[in-house]
Amino acid sequence: MNISTYTVKPKLPASLKPLEEIARNLWLSWNYDAVQLFIRLDEQVWTETHQSPMKTLGKVSQQRLADIAKDDSFITALNNVYERFLKYKKRKTWYNGQRRDVVAYFSMEYGMDVSLPIYSGGLGILSGDHMKTSSDLGLPLVGVGLLYRQGYFQQYLNADGFQQESYPENDWYNMPVEQKTDKDGKPLTITVELAGRQASARIWEVRVGRGFLYLLDTNIEENPPDFRVITSALYGGDKETRIQQEILLGVGGYRALRAMGINPAATHMNEGHAAFLSLERIRELITEKGFSFSEAKEAIWPTNIFTTHTPVPAGNERFDTALLEKYMRPWAGILGISWDAFLGLGRENPNNHGENFCMTILALKFSAYANGVAKLHGLVSREMWKGLWPGLPIDEVPIGHVTNGVHPKTWVSSGMSMLLDRYLGPGFEEKPYDLAIWKRVERISDEELWRTHERRREQLVRFVRDRLKEHYRRFGANEKHIRESEDALSPYALTICFARRFATYKRGNLLFRDPERLLKLLRDPDRPIQLIFAGKAHPHDIPGKELIKNIVHFAQKYDVTSRIVFVENYDMTVAHYLTSGGDVWLNTPRRPMEASGTSGMKAAMNGVINCSVLDGWWDEAYRSKSGPNIDSKAYPDREAEADIGSDVSPDVGWAIGQGEYYADENLQDDIESKALYDLLERDIVPMFYQRGRDNLPREWIRMMKSSMQKIGASMSSHRMLINYSRNFYFPALKNYQRIIRTDYSESKALAAYFAKLGDSWEKIRIGGITSDSKPVMQRGNFITVNAYIELGELSPDEVLVELYFGAVSSQNNIESARRSEMKSTGKEGNGYRYHVRIECTDTGMQGHTVRILPKHPALIHPYRSGFIKWA
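Participant: Provide a residue-level description of the packing of helix H19 (residues 446-474) against helix H27 (residues 698-714), including the pertinent values.
Facilitator: Where H19 contacts H27, the axes come no closer than 10 Å and their chain directions differ by 85 degrees. With respect to each other, H19 and H27 are oriented roughly perpendicular. Only Arg698, Trp700, Ile701, Met704, Lys705 and Met708 of H27 make contact with H19, whose side of the interface consists of Asp446, Glu447, Leu449, Trp450 and His453. Taken together, the residues that form the contact of H19 with H27 break down as six nonpolar, one polar and four charged.

Structural data, given as structure tokens:
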């Protein structure tokens, strides 16, 4: 069929022109007064378009547009919002440096707004908040992703409560995205090679406040049918689709930035999906500057940042050799390395030919900066990937942590936001990086805070009832069932929300382990509780789908459908209602399988109190009186930081258990479900219903305030981005500028250094170690340690010789070790004599040994795989 196409845009009266500019910028998504303009325009159309500003403008009748253009109150409101929007873009920001060189942030998904459904869950929501916060702070950062024609699936439950999926098409021409064009006005495209064929992709731009997100789309006429579906769905298709998407994201995304004249001086890979971008960066240097592979690698390594979000090995993307060879075999020749060497880039053990190619390993090997997404997750990640640095103590494995955060203006409800605006002052909006402002939550009167929260609970109940009615009508339920849905839930009962991806490790059924105790809580005539569940299971996760069905069946079996409700199609809209309208936010993962999680942070900023297993971010928030702050270091263990748990802060919520680990999962579920029932029966329910003459739960409100103050400051995405900037972004940009300034001589020198080191490393010998220590020493005494070391062809200034010392455990290991560099006192025979003097500061059994690491002025850190030698 031969179809001629053209684009039709809304015809707006002159006085309404700012509406289109506002609709095309996702600044609207965190400014409710801007959203209110579109609701006022036509509330019914706003609802029918699923809260899409662009689509609303296209569907509102011309008569309505003409009428409202004459409405002085609407025009005044529009002008006020537009003035705020312009002021926001011009306002002085936290960052005020250069913008020529940017950080390119790559992510597989972005949860920016319900009107741009290209996200599935936590990873995408985090990426969206990352982009919004970058705009607030004025960072030189751009986002890169894929534009999915169907996004992630829409969830609905069948009559038996089993999850079903649908995949509606996205209409990009009525969404806040615009095609990038070249100087002739033609769509700007890039190409990538996929299994010997060229795939083309167009570039779309999303405006995010001051910043920009660029998305690639292969659904274009230039491509054959099998390439057009590459960007059809997020996490859809098979392994072949996944490798195509990840080549497009990493390689194509980097090329897209170059095509637009943007200089990605540093790159941040949010998960391993984009790891192929490192190979593209190396290819560029080899092709354009004639570098060797090792020289190009040393040039990009100091400017790469990698964030891992996965706490279990099975969750990391891996490709078998046959599939990798189909798509990546030509790259070995392009990079000037053998195919076996190429495969080794993605293996923990390069010589293990049975090991699949892992994208996380590829990203780690090419990144000077790497981090987990919570303090506990940093520990888990170091343990998981320690094999990449054999011989290196686990606390030195170069994977730090930056704890996740959430964007307050996006997630705090409109009512609560207005309350915070009044009490926190203009800085809440104008200086969101001033985290001390959250202390002012204490100024809010108990009455105002509680009434605001109660209104949100009422709105949540009304929203859930409407969703239930939709569900019953869709399946042709009789009027009796539909009327019953109008009585579901109570706007006055203690409301507990559980909303997240339905995977078995998250244990959405933990609360159902003892039906008798749960039913007693649900049916209590004076102090009832009610439960709201939401979340999607992966389409292929049958056990996850069974969890959802079992919850629905439980409610039906025990006739508590008015007290237990499952809300279909968990998305940003549902999340807004639940995180602001519940009273308790329940989280029950199997520790330590929750990398971070962020939904509880959103809830806390709305005054919803967390009750959670000590995992992910909650382990950090509950066990510390302050939590992370803007000065937090990514590698705190290098500063002898105190262990997690030294400073408990129970005034922010409740902990299920004390962070124990169990070999028997059934036993764990028994113990932790009982602990949860105990908390509900003894602490949570009594505190909520304990009212004074004014009917205010004063102790509950006190905990609400404490939670809002501490978590609002410590788990703000502004704290998160400042941590990323100070620990990673600014150093990486500085590294790039230094490398460029020396015309890459530093990178070439480093490549030559490691080539020399590789040839000489096995020739290094650590000889006799002597000291003047006595069997018993006094605290404050000093010890001089000497060592004789043969360096082969290396000189003393090319290696780092350290004394490694500390308490000796019963397993004859040095724990809580400290390090002190040993200095060469001169050549002796075929080697060199080294010495160092240390003080005896700790009591008990102490010991020391000597080790050698690389040393070069261009090294970001000395931890390179295969280069550590112990005495």
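Right, picking up where we left off after that structure.
Participant: Provide a residue-level description of the pattern of salt bridges, including the pertinent values.
Facilitator: This structure, assessed with the given rule, holds 57 salt bridges. Measuring nitrogen to oxygen at the nearest pair gives 2.9 Å for the salt bridge that ties Lys545 to Glu165. One end of the pair, Lys545, is in helix H22 (residues 542-557); the other, Glu165, is in strand S4 (residues 163-166), with 380 residues separating them in the sequence. Accessibility expressed as a relative area gives 5% for Lys545, which makes it buried. Note that Arg507 is salt-bridged to Glu672, the shortest N-O span being 2.5 Å. A residue pair is termed long-range when its members are at least 10 positions apart, and Arg507 in the loop between strand S15 (494-499) and helix H21 (515-523) and Glu672 in helix H26 (residues 665-689) qualify at 165 residues.

Participant: Would you mind going over empty space enclosed by the protein in detail, with residue names and values included?
Facilitator: Per the stated rule, a full pass over the model turns up six cavities of 30 Å³ or more. Approximately 90 Å³ is the volume attributed to the largest cavity. Mapped onto the lining of the largest cavity, the elements with two or more residues apiece are helix H6 (72-90) and helix H18 (427-430). Considering only residue class, the lining of the largest cavity consists of five nonpolar, two polar and four charged.

Participant: Can you break down helix H9 (residues 239-259) residue by residue, with the values?
Facilitator: When the terminal C-alpha atoms of H9 are compared, their 29 Å separation across 21 residues agrees well with the 30 Å that a helix rising 1.5 Å per residue should span. Along H9, the largest kink reaches about 35 degrees and is centred on Gly252. The element H9 is largely enclosed, with a buried count of 16 among its 21 residues. Capping of H9 at its N-terminal end is provided by Asp238; its side-chain oxygen lies 3.1 Å from the backbone amide nitrogen of Glu240. Once H9 finishes, Gly261 follows within two positions and takes phi at roughly 80 degrees, a positive value.

Participant: Explain the state of the cysteines to me, using residue names and the numbers behind them.
Facilitator: Scanning the model with the defined rule gives zero disulfides in all. Residue Cys497 stays outside any disulfide, its sulfur separated by 13 Å from that of Cys611, the closest cysteine.

Analysis parameters
Residues numbered from 1 in each chain as written. Predicted model: local features only at pLDDT ≥ 70, side-chain atom pairs only at ≥ 80, totals over all residues. Heavy atoms only, no water. Axes fitted to C-alpha atoms, helices over the stretch in contact; angles between N-to-C directions. Helix = DSSP H or I, 4+ residues; strand = E, 2+ residues; numbered from the N terminus. Parallel < 35°, antiparallel > 145°, perpendicular 65-115°, else oblique. Contact = heavy atoms within 4.5 Å. Nonpolar A, V, L, I, M, F, W, Y, C, P; charged D, E, K, R; others polar. Salt bridge = Lys/Arg side-chain N within 4 Å of Asp/Glu carboxyl O. Buried < 20%, exposed > 50% of the residue type's maximum accessible area, 1.4 Å probe, protein only. 1 Å grid on protein atoms, 1.4 Å probe; cavity = no way out; pocket = protein on both sides within 12 Å on 5 of 7 lines; lining within 4 Å. Points joined across faces, edges and corners; volume = space filled by probe spheres on them. Expected span 1.5 Å × (residues − 1). Bend = angle between axes of the 7 residues up to and from the residue. Polar contact = N/O pair within 3.5 Å; in protein donor to acceptor, adjacent residues only side chain to side chain. Disulfide = S-S within 2.5 Å.

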